[in-house]
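Observations on the three-dimensional arrangement
Chain by chain, the residues:
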Amino acid sequence: MEQNEFDVVVVGSGAGALLAAIRAADEGLKTLVVEKMPLLGGTSATSGGGIWIPDNHDMGKAGLSDSVQAAFRYVKTCARGLASDDRILAYVETARHMARYLAGIGVPYRCVPSYADYYPTLAGAMPGGRTMDPIDFNAGKLGPQDLELLRPTCPGQLIFGRMHINAFEARSLLARERKGKFVLMWIMARYFLDYPWRNKTRRDRRLTGGQALLGGLFAALRQRGITLWLDTPMQSLTQEGGRVTGLVVRRNGQDMAVSARRAVVLGAGGFERNQQMREQYLPQPTDQAWTATPPEGNTGDAHRAGAAVGGALHLMAHTWGAPTLFVPKEEKYRAMFVERSMPGCMVVNARGERFLNESGPYPEFQQAMYANHAQTGGAVPAWIVFDATFRANYPIGPLMPSAAVPDAKLRKSWLNTVYWKGETLQELAGQIGIDPQGLLASARRMSEFSRTGKDLDFGRGDNVFDRYYGDVNVKPNPNLAPIEKGPFYAMKLHPGDIGTKGGLLTDRDARVLTEDGQPIAGLYCVGNNSASVMGPSYPGAGSTLGPAMTFAFRAIAHIVGKP
Ligand code: FAD
């Protein structure tokens, strides 16, 4: 008979959840992880794996110096009063200790010295170094069987749908640095020459990004013999005398009570896959199909279970916003993080007018879509428009640069679903149903800006964050180029997300709080299941996974009474 008494039960198997389970086991606690889906890893496994860690141990090597005080000041401004100072402080103080712990359990990270914070002009921002990227992980340590249980990443993050690429390599390719060509050759040679591994599985042995993070955490979970139940959704929490004492799960078709002697840690993700909750809480219009997170899993189950035992829900109108696009046959929409920053493209509404800085942070991009839609009724969807020169040089969505994969070799089904094409801008406008005169005027203005290097309308390329994803060969502004050489192309963008950020309100130790600020004994919550410590904003790449794991780290310390 399966045992159903544990010290700690962790719900979900994203990064925060697994880190909590591993630390609990390291503290000698008998731990269970329950995951609703047949695969482990949630959105975390499909992510870039970046973590935003102020004053981290690797910054010194890059000649950068940071402080907890500066980071606190920066996050406090970003959070705009929607996260408590106490929680923000707990985060900025503890994140670096969590990053060291990660390295100790076999998931080392390095800082990305030139990846700036998302609001580089705010006091306390850093021009780089706080974002950390996972070091590549050898899936051999996990073994091919467990690798099959790890949710794979999205095809958009793989080279030719198969080979992993890390953030350093991706940037070098996209920015068309000289070494880019060699990077690509090296990635391909490494994959194709690894015959012993390829005989076992088609999946790449070299895991990067979220796959490296979750692969590493999964291996650490196995090393500690932690019990993992996949395909086992939590149904509800159980409570005795005001204390959460366990939960009910659905296992092998039956409800089963599981007791948690010390605590339940909720890490069951956001509610982005729940259309009814989206309509109840998020800005409209909204569609669960627009999220770039895996289907089905994150439906807010643990938001509702936590609220049912008295937990307060906060920040429910907010998402980790990002523009997304549809690609036929892919299980979810793709987020467009970086391509829109390259020179020679612009984003327009139905009037053919630009309304945002295309190179800005993705959450602001999504918010600008909603704001413009409220004014004009024509920014949902919006259109990213580019010319033949852009198309020749840069990948965008699933399209590789036409220099490598010309239009004739693209999938036929992508024309008029993924991309639209016209010999002239007027023809393109007609195809996508937007105002041709507006589009022409915007393209002309953009071309003028590219010659002076100054985007007089939205300041694109004016700061270090924008320029991180620009073409180093394009002058005077690496984010601006004329849009004048036909044929012209457009892709449809939706105000999507990479998860929701509203959830159960927690304190500095991830304890779930009631509306009057009292902790609920025995109940902790991390990741997108909890209200974000960042308030409505996104201070830097890694602002979701960093806090998820940091508060998991703190939760376990609190459970075992560590300072
Ligand atoms: P998840 O990782 O989604 O895990 C939640 C898990 O809980 C799921 O497996 C789900 O099935 C399970 N679950 C749900 N309900 C139940 C239930 N009732 N019982 C049991 N289990 C349940 N963020 C960063 O910080 N850095 C990045 O580099 C980054 N890159 C990204 C790239 C992409 C393409 C995307 C889509 C997102 C990215 N993000 C990134 C965002 C980040 O991935 C998510 O915010 C984060 O993974 C959320 O973690 P989580 O643990 O809260 O949820």
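1. A closer look at the domain arrangement of the chain
When its domains are assigned, the chain resolves into domain 1 (1–151 + 211–318 + 501–563) and domain 2 (323–496). Listed per partner, the contact involves 25 residues of domain 1 and 22 residues of domain 2. Both faces combined, the contact of domain 1 with domain 2 buries some 1,900 Å², and carbon together with sulfur accounts for 65% of it. Our enumeration of links across domain 1 and domain 2 arrives at 1 salt bridge. Considering only residue class, the side of domain 1 that touches domain 2 consists of 16 nonpolar, 6 polar and 3 charged.

2. Remarks on the environment of Arg-511
As for its placement among the helices and strands, Arg-511 is situated in strand E22 (residues 511–513). Take Arg-511: its relative accessible area is 24%, and that puts it in the partly exposed class. Between the alpha carbons of Arg-511 and Gly-522 there is a distance of 8.1 Å; along the sequence they are 11 residues apart. A polar contact is formed between the side chain of Arg-511 and the side chain of Asp-507, at a distance of 2.8 Å.

3. Here we look at the side chain of Thr-208
Mapping Thr-208 onto the fold places it in the loop between strand E9 (206–207) and helix H9 (209–223). When near neighbours in sequence (up to four residues on either side) are disregarded, Thr-208 contacts Asp-136, His-164, Ile-165 and Asn-166.

4. Structural notes on the site of the ligand
Near the ligand lie 36 residues; those nearest to it are Glu-35, Ser-44, Asn-298, Asn-528 and Leu-545. Taking Glu-35, its side chain carries an N or O atom lying 2.6 Å from an oxygen atom of the ligand. Between the ligand and Gly-50 there is a distance of 2.9 Å, counted from a nitrogen atom to a backbone nitrogen or oxygen. Protein burial of the ligand: of its 1,000 Å² of free accessible surface, 96% is covered by the chains. Taken together, the residues of the shell around the ligand sort by class into 11 nonpolar, 22 polar and 3 charged.

5. Regarding the packing of helix H1 (residues 15–26) against helix H4 (residues 85–104)
Working note: a packed helix pair is described by the angle between its axes plus the distance between those axes. Where H1 meets H4, the axes come as close as 12 Å, and the angle between the chain directions of the two elements is 75°. Considered as vectors, H1 and H4 are oriented roughly perpendicular to each other. Together, Leu-19, Ile-22, Arg-23 and Asp-26 of H1 and Met-98, Tyr-101 and Leu-102 of H4 make up the contact between the two elements. Taken together, the residues that form the contact of H1 with H4 break down as 5 nonpolar, no polar and 2 charged.

6. Remarks on the sheet that holds strand E5 (residues 131–134)
Reading across the sheet, the 3 strands line up as E3-E5-E4 and stay open at both edges, with antiparallel pairing between neighbours. The strands lining the two open edges of the sheet, one partner per strand, are strand E3 (51–52) and strand E4 (109–111).

7. With respect to the side chain of Thr-514
You can see Thr-514 is positioned in the loop between E22 and strand E23 (519–525). Judged by relative accessible area, Thr-514 falls into the buried class, the value being 19%. Here Asp-516 takes part through its side chain, which lies 2.5 Å from a polar atom of the side chain of Thr-514.

8. Observations regarding the nonpolar core
By size, the foremost hydrophobic cluster in this structure holds 121 residues, and its most contacted members are Leu-102, Leu-213, Leu-217 and Met-491. Per-element accounting of this core gives the leading share, 9 residues, to H4. Here this core gathers at least three residues from each of two domains, domain 1 (1–151 + 211–318 + 501–563) and domain 2 (323–496). Look past the residues within four positions of Leu-213 in its chain and what remains in contact with it is Ala-15, Gly-49, Leu-102, Val-107, Tyr-109, Pro-134, Leu-545 and Met-549. Formed by 24 residues, the second largest nonpolar core is a distinct cluster that contains Trp-229, Leu-247, Val-249 and Leu-523.

9. Brief notes about empty space enclosed by the protein
Tallied over the full model, the rule gives 1 cavity of 30 Å³ or more. Along the wall of the largest cavity there are 16 residues; nearest its centre are Gly-527, Ser-530, Ser-532, Val-533 and Pro-547. Element by element, the count of residues in the lining of the largest cavity is highest for helix H17 (residues 545–559), at 3 residues. Split into classes, the residues belonging to the lining of the largest cavity amount to 8 nonpolar, 7 polar and 1 charged.

10. Examining the pairing of strand E2 (residues 31–34)
Burial along E2 is two-sided: the residues Thr-31 and Val-33 and Leu-32 and Val-34 are all buried. With 4 bridges joining them, strand E1 (residues 5–11) and E2 adopt parallel strand pairing. Across the sheet, the residue bridging to Val-11 is Val-34, located in E2. Each parallel crossover has a hand, and for E1 linked through H1 to E2 it is right-handed. When E2 meets strand E10 (residues 227–229), the two strands line up parallel, connected through 3 bridges. Its bridge partner being in E10, Val-33 is matched across the sheet by Leu-228.

11. Examining helix H14 (residues 425–432)
Along H14, the residues classified as buried are Leu-425, Leu-428, Ala-429 and Ile-432. Summarising the axial view, the buried residues of H14 lie within an arc of 100°, below the 170-degree limit, and thus occupy one face. Looking at the buried residues of H14, the elements they touch are strand E18 (382–386), strand E19 (420–422), helix H15 (436–452) and strand E20 (488–500). Where H14 ends, the next residue or the one after it, Gly-433, has phi of about 70°, a positive value.

12. Quick word on the pattern of salt bridges
Overall, the coordinates contain 31 salt bridges when judged by the stated rule. Notably, a salt bridge pairs Asp-7 with Arg-261, separated by 3.1 Å at the nearest N-O pair. Note that Asp-7 is positioned in strand E1 and Arg-261 in strand E13 (residues 254–266), a separation of 254 residues in sequence. Look at Asp-7 and you get buried, because its relative accessible area is 13%. Taking relative accessible area as the criterion, Arg-261 reaches 42% and is therefore assigned partly exposed. With a shortest N-O distance of 3.4 Å, Asp-301 and Arg-304 are connected by a salt bridge. Pair noted here: Asp-301 and Arg-304 are both in helix H11 (residues 301–308), with a separation of 3 residues, about one helical turn. Several salt bridges share partner residues, and in doing so they unite Arg-354, Glu-358, Asp-455 and Arg-460 into one network.

13. Things to note about the pairing of strand E12 (residues 243–251)
E12 sits mainly inside the fold: 7 of its 9 residues count as buried. Turn length for the strand E11 (residues 234–240)-E12 hairpin, with the two strands adjacent in sequence and antiparallel, is 2 residues, and the turn residue Gly-241 shows positive phi of about 55°. Bridge count for E12 against E13 is 6 bridges, and the pairing is antiparallel. Its bridge partner lying in E13, Val-249 is registered against Met-256. Where E12 hands over to E13, the hairpin turn is made up of 2 residues, of which Asn-252 adopts a positive phi near 50°.

Rules used throughout
Residues numbered from 1 in each chain as written. Predicted model: local features only at pLDDT ≥ 70, side-chain atom pairs only at ≥ 80, totals over all residues. Heavy atoms only, no water. Domains from an automatic or database assignment. Contact = heavy atoms within 4.5 Å. Buried area = accessible area lost by both parts, 1.4 Å probe. Salt bridge = Lys/Arg side-chain N within 4 Å of Asp/Glu carboxyl O. Nonpolar A, V, L, I, M, F, W, Y, C, P; charged D, E, K, R; others polar. Helix = DSSP H or I, 4+ residues; strand = E, 2+ residues; numbered from the N terminus. Buried < 20%, exposed > 50% of the residue type's maximum accessible area, 1.4 Å probe, protein only. Polar contact = N/O pair within 3.5 Å; in protein donor to acceptor, adjacent residues only side chain to side chain. Near = heavy atom within 4 Å. Areas by Shrake-Rupley, 256 points an atom, 1.4 Å probe, with all protein chains shown as cover. Axes fitted to C-alpha atoms, helices over the stretch in contact; angles between N-to-C directions. Parallel < 35°, antiparallel > 145°, perpendicular 65-115°, else oblique. Pairing = 2+ DSSP bridges. Core = buried A, V, L, I, M, F, W, Y, C linked by side-chain atoms within 4.5 Å. 1 Å grid on protein atoms, 1.4 Å probe; cavity = no way out; pocket = protein on both sides within 12 Å on 5 of 7 lines; lining within 4 Å. Points joined across faces, edges and corners; volume = space filled by probe spheres on them. Right-handed = clockwise from strand over helix to strand, strands pointing away. Arc of directions from axis to C-beta.

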